[in-house]
Amino acid sequence: MCGIVGYIGTQQAAPLLLEGLTRLEHRGYDSAGVAVLGSGLRVAKKAGRVRDLSAELPKRFSGKVGIGHTRWATHGPANDVNAHPHVDATGDVAVVHNGIIDNAAALRERLTDEGVELASDTDTEVLAHLIARSTADTLEERVAEALAAIEGTYGVAVLHADFPDRIVVARNGSPLIIGVGEKEMHVASDLGALVRYTTTVAHLDDGEMATVTATGFTTYRQDLTQVQRAATEVDVDPASYDAGEHESFMRKEMLEQPAAAERVLRGRLDERFGTAHLGGLNMDARETREIRRVKILGCGSAYYVGQMGASLIEELARIPADAEAASEFRYRNPIIEHDTLYVAVSQSGETIDTLLAVQEIRRKGGRVVGLVNVVGSAIARECDGGIYLHAGPEVAVASTKALTNMFLGFALLALQLGRVRDLSISEGKRLIEALIALPAQLQEVLDGEDRLAEIATGLAQAESLFFVGRVRGFPVAREGAQKFKEISYRHAEAYQTSELKHGPLALISPEVPTVAIVPEDELTDRNVGALHEIAARRGPLVVVTHPDVDLRGLDVQRIDVPRSARELDPILLTIPLQLLAFHAAQVLGHDIDKPRNLAKSVTVE
Ligand code: F6R
């Protein structure tokens, strides 16, 4: 969702900016643009794809300093004028911005009253005018002054024709990273845009700014007092941002799940004492024992995995636990309890709703730990401690390997919480054995891809589908429906199997298939009973189940997954649903990595 790149150094900026923007495409966008400072400031911007912008870029677009942007429309439609960069009336100042300026309407009115003609419908344009109207001596002061007038969230990068040796950047709620190269520097909102050039990076914190020149950078707060931010080496393989021989990132990332699962477990299992070691939680055994409740917060698929996590914690640690959509949490003035452990779960670590929920909890004195994939991201830094997911970069919008590692992160947390309470050493060891076996079992499910592709071809024909499950199986169904609708654009609704007869059974017909999650557990018989009710109404059935489950003569398309420990079964039941969604979307000819209307990280409300 909106992306920023910047370059200053010895090479021509435009090709590097365009390349960086291509790397940000997965974030979701509807227009793109670049500004380059050579002999004067020049801007090119266009609705549509980065390739459309490249195709139309004037030949002589030279300059060794520049900024670029992919926009996701918030204020005003996606068109050439509203695309970033935005400039002031003289054309000397160019600004790219991620985030939302809440008081844009008032600022637009004020500027208009002062005789400024606004060219676009955007909130961002006001920043360019505010900077241009400042009479302060330095660019840093001018940008700081403009930022002081705005309310809202931002990652911004600013060019000024009178200060051609620098890019000034600032962050408040929207990520901003500086990449250090050899006699050149990069700026980006996402690590993926700059890892091809450098893996030495510095992250800005909220309320901070930086001046980036060809030879280095300085960081300071918005009151221009110095703050030290050293660049550090990030441990990331630039190749992991390439799809390689795979036709899409989603497929690549699904297939990476066994290896990713091994990474999140590595070094964290204590086989001798049947427990997990999670040093990053920053909690000692006494504090861990004092937890009376666990509240998990995440958005979308992370919320559904949070529901799986809540079950794991209740089952293994016997602590009351539940998950809630982070996007709703802060709006109900939540009661923050000191003996509750709050867990924020996020792949990107930048989801604004989750970040704001974390901030609300901390403001009220609650303790929050993060289950986050992106190291150094805003949520990771805001939390009191956490568990990094080590899934590796996830580029596809539809989250797969990060979700699997979230589940495993919850399993580790539940194990650690359980073992300082009632969970016996033998039970702990049973779980650890199952966790160690899990990567190979994930592989086994992935190996069944061909059959799943066949089933998906049939499902893709349906306009509307149900995904049903009970208790442990219900979040699995929710996540399955989410994946399916995200990339196939079919209406997929998740329901508790037990609730079907209270309403939705009326919709069951030969045209509406149901994907049912039927693990081998204490509810198998009841689940199978419900399937018979669906079959009696001639509803087609796809059943994701375990090999020993007897479906009592039902005519279904059956998908067997290997059994794990019962608490860990949900994750193995989830994997076929990813493949069903993927193959349905492929049959329908959709752009799997960039589903319509969706963005990889949702950094605006
Ligand atoms: C689904 C999906 C989204 C994200 C959600 C949270 O495939 O990707 O529903 O799970 O936007 O994102 P993160 O985990 O980055 O906070």
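Attention shifts here to the sheet that holds strand β19 (residues 340-346). One open sheet holds the five strands; their spatial order is β18-β17-β19-β20-β21, and the pairing between them is parallel. In this open sheet, the two edge strands, each paired with only one partner strand, are β18 (321-325) and β21 (385-388). Between one strand and the next, the sheet's axes are offset by a mean angle of 20°, whatever the strand orientation. In this structure, β19 lies alongside strand β20 (residues 367-372), joined through six bridges in parallel fashion. Bridge assignment links V345 to a residue of β20, and that residue is L371. Along the sheet face, helix α9 (residues 301-317) touches β17 (293-298), β18 and β19 and points at about 170° away from the line of β18.

To find leftover empty space, a probe the size of one water molecule is rolled over the atoms. All told, the structure shown has three cavities of 30 Å³ or more when counted by the stated rule. Roughly 70 Å³ of internal volume is contained in the largest cavity. The wall of the largest cavity is formed by C2, R71, W72, T74, H75, H84, H97, G99, T122, D123 and T124. Looking at the lining of the largest cavity residue by residue, the class counts come to two nonpolar, seven polar and two charged. What lines the second largest cavity is V5, G6, Y7, L16, L17, G20, H186, V187, A188, A193, L194 and Y197. Put simply, the parts of the chain that give the lining of the second largest cavity at least two residues each are β1 (3-8), α1 (13-23) and β10 (185-188).

The next thing to look at is unusual backbone geometry. H84 connects to P85 through a cis peptide bond whose omega is 0°. Inspection of the secondary structure puts P85 in the loop between β4 (65-71) and β5 (86-87). Although it is not a glycine, R552 sits at a positive phi angle of roughly 50°. Locating R552 in the fold gives a position in the loop between β25 (541-545) and β26 (557-560).

Calculation rules
Residues numbered from 1 in each chain as written. Predicted model: local features only at pLDDT ≥ 70, side-chain atom pairs only at ≥ 80, totals over all residues. Heavy atoms only, no water. Pairing = 2+ DSSP bridges. Helix = DSSP H or I, 4+ residues; strand = E, 2+ residues; numbered from the N terminus. Axes fitted to C-alpha atoms, helices over the stretch in contact; angles between N-to-C directions. Contact = heavy atoms within 4.5 Å. 1 Å grid on protein atoms, 1.4 Å probe; cavity = no way out; pocket = protein on both sides within 12 Å on 5 of 7 lines; lining within 4 Å. Points joined across faces, edges and corners; volume = space filled by probe spheres on them. Nonpolar A, V, L, I, M, F, W, Y, C, P; charged D, E, K, R; others polar.

That is the geometry; function is a separate question.
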